[in-house]
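# Analysis of the macromolecular model
For reference, the chains in residue letters:
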Amino acid sequence: MPLFSEGWHFLLTLSQTNVQPMNNYISENKDRFLNELLDMLRIPSVSADPKFKQDVLRTAEFVADRLREAGADKVELCETAGYPIVYGEKIIDPNLPTVLVYGHYDVQPADPYELWNSPPFEPVIKDGKIYARGACDDKGQMYMHVKAFEVMMRNNTLPCNVKFMIEGEEEVGSANLGTFVKNNKSKLAADVILISDTGMLGNDTPSITTGLRGMSYMEVEVTGPNRDLHSGLYGGAVANPINILCQMIASLHDEHNRITIPGFYDNVNELSKEERAEMARAPFSLDKYKQALDLSDVHGEEGYTTMERTSIRPTLDVNGIWGGYTGEGAKTVIPSKAFAKISMRLVPDQTSEEITEKFTKHFESIAPGSVKVVVKPHHGGEPVVTPTDSVAYQAAARAYEETFGIKPIPVRSGGSIPIVAMFKSELGLDSVLMGFGLDSDAIHSPNENFGVFNYMKGIETIPLFYKYYAEMSR
């Protein structure tokens, strides 16, 4: 029997079939699709805080149940040293291509709660947007794939095999995912990885993310005296760890907003003028950007545009700083300790190991003798650029063009998804980053939201990716 005969006969049938039945199914089930997402958003699956452990586990069960209902086989909760990974699959013909869908069901902490206009785990729909922690990152975008799979299964239009790997630790660095991938290469064997954990330029300007920055995340501790001291009796004679820490942090950038760590830029891949000119074709309004963020001006490395600063250039930012007394009223102390969390976004060809080592060495070297410094690495990830000439990218582009009516623009994102590089190194697979979020979705911030339009458009577009990927892989 000729190779692929049964599978490709099915594909030929599919290619001749109008997608209207799938769109009708989506329209008929829109309210249910929304309500299921809202139910999941009500579960506070904050992986960073142990007090939410049972909620994180409950969310994993939720995802597993919905995959089973949608038609997946072999759905299981794969235990790890941390939170479980939800795995499911539908193999319709081993000879057909296989898509591995990755997403995550954990969310960022919702703090500070007082800055939310509505409770972060009591989702509301207002002005066409779903407001809740995790609405966009990544429950809403991940769940689009579950529902898109259901759409294809119910309409008998799934054109290739699909596997799901949905983890619960992405927001804390995916510490156990690498081990799971290394130990389950046969289970995860596929032809391409499909991810929706990114965004696009706008609802009228679809785009596909083709590059991600890497990450090196550090925590620093500065210790002065062996206890908190009276600032009147000791002030001026003893180093204040908060003052010292602020001085050390301030020294990490020069007057041109370049990072001062020796060797930090040694391996940065500099784009050519032609490549930068191509990037500049993407529509961007600096005035609207500033207005959206209530800024009088932007800030960043000299010689680069805002779009370049947030995509092709490395950065260093303080994500949190604390120490001393922060309660109501006054307490005049020189604190014993001060702390900060610092993240560095990396670009090709930097590595997290290299930058972590250089940061540690430099930060320790600039500490005055009046304090002691401890640098603790948390997690890291590698930058990645995905090809735009692959079958998978072209299939995604055709899918977007069909549902949005305009060709998507390839763009590089400033965010990090460390596992994309790991998938490439461990599984040998490129990823297609089909994001449907917007910059205005406030991910990681109070009032995170995700457009109902975007959620439904994702469910409509993803089946077309499968259709075209299967057809073009012949």
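The coordinates are above.
The model shown is predicted, which means the values in this text are computed figures rather than measured ones.

### Observations regarding the environment of Ile 342
Relative to the elements of secondary structure, Ile 342 occurs in strand 13 (residues 337-346). Relative accessible area serves as the criterion here: at 0%, Ile 342 is assigned to the buried category. Separated by 148 residues in the primary sequence, Ile 342 and Leu 194 place their C-alpha atoms 30 Å from one another. Ignoring sequence-local partners within four residues, the contact set of Ile 342 consists of Ser 216, Tyr 217, Met 218, Val 220, Ile 249, Leu 316, Asp 317, Val 318, Asn 319 and Phe 359.

### Some points on the packing of helix 3 (residues 30-41) against helix 4 (residues 53-70)
Contact pair helix 3 / helix 4: the axes reach a minimum separation of 10 Å and the direction vectors enclose 160 degrees. With respect to their mutual orientation, helix 3 and helix 4 come out roughly antiparallel. For the pair formed by helix 3 and helix 4, the contact residues are Glu 36, Asp 39 and Met 40 on the first element and Thr 59, Phe 62, Val 63 and Arg 66 on the second. By residue class, the composition of the contact of helix 3 with helix 4 is three nonpolar, one polar and three charged.

### Here we look at the sheet that holds strand 14 (residues 372-381)
Where strands meet in a sheet, backbone hydrogen bonds hold them as pairs that are either parallel or antiparallel. Taken in spatial order, the four strands make up an open sheet running 11-13-9-14, and their pairing is antiparallel. Two strands in the sheet have a free side with no partner beyond their single neighbour: strand 11 (315-323) and strand 14. Strand-to-strand twist of the sheet, defined as the mean angle between neighbouring strand axes without regard to direction, takes the value 15 degrees. Bridge count between strand 9 (residues 214-223) and strand 14: eight bridges; the pairing is antiparallel. Bridge assignment links Glu 221 to a residue of strand 14, and that residue is Val 374.

### Topic: the side chain of Glu 170
Mapped onto the elements, Glu 170 comes out in the loop between strand 6 (161-167) and helix 6 (177-183). Polar side-chain contacts of Glu 170 include one of 3.3 Å to the side chain of His 104. In contact with Glu 170, other than residues within four places in its own chain, are Tyr 102, His 104, Asp 106, Asp 197 and Ser 416.

### Overview of helix 12 (residues 352-365)
Over its 14 residues, helix 12 extends 20 Å from the first C-alpha to the last, a length consistent with the 20 Å expected when each residue adds 1.5 Å. For helix 12, every residue scored as buried is listed here: Ser 352, Glu 354, Ile 355, Thr 356, Phe 359, Thr 360, His 362 and Phe 363.

### Things to note about the pattern of salt bridges
Note on pairing: side chains with opposite charge can pair once their charged atoms come close. Within the structure shown, the criterion is met by 25 salt bridges. With a closest N to O distance of 3.6 Å, Lys 74 and Glu 89 form a salt bridge. Of this pair, Lys 74 sits in strand 1 (residues 73-78) while Glu 89 sits in strand 2 (residues 85-90), and the two are 15 residues apart along the sequence. When the shortest N-O distance is used, the salt bridge between Glu 301 and Arg 313 registers 2.9 Å. On the criterion of sequence distance, the pair formed by Glu 301 in the loop between helix 10 (286-293) and helix 11 (306-309) and Arg 313 in the loop between helix 11 and strand 11 is long-range, its members being twelve residues apart. A single burial state applies to Glu 301 and to Arg 313, both of which are buried.

Rules and cut-offs
- Residues numbered from 1 in each chain as written.
- Predicted model: local features only at pLDDT ≥ 70, side-chain atom pairs only at ≥ 80, totals over all residues.
- Heavy atoms only, no water.
- Helix = DSSP H or I, 4+ residues; strand = E, 2+ residues; numbered from the N terminus.
- Buried < 20%, exposed > 50% of the residue type's maximum accessible area, 1.4 Å probe, protein only.
- Contact = heavy atoms within 4.5 Å.
- Axes fitted to C-alpha atoms, helices over the stretch in contact; angles between N-to-C directions.
- Parallel < 35°, antiparallel > 145°, perpendicular 65-115°, else oblique.
- Nonpolar A, V, L, I, M, F, W, Y, C, P; charged D, E, K, R; others polar.
- Pairing = 2+ DSSP bridges.
- Polar contact = N/O pair within 3.5 Å; in protein donor to acceptor, adjacent residues only side chain to side chain.
- Expected span 1.5 Å × (residues − 1).
- Salt bridge = Lys/Arg side-chain N within 4 Å of Asp/Glu carboxyl O.

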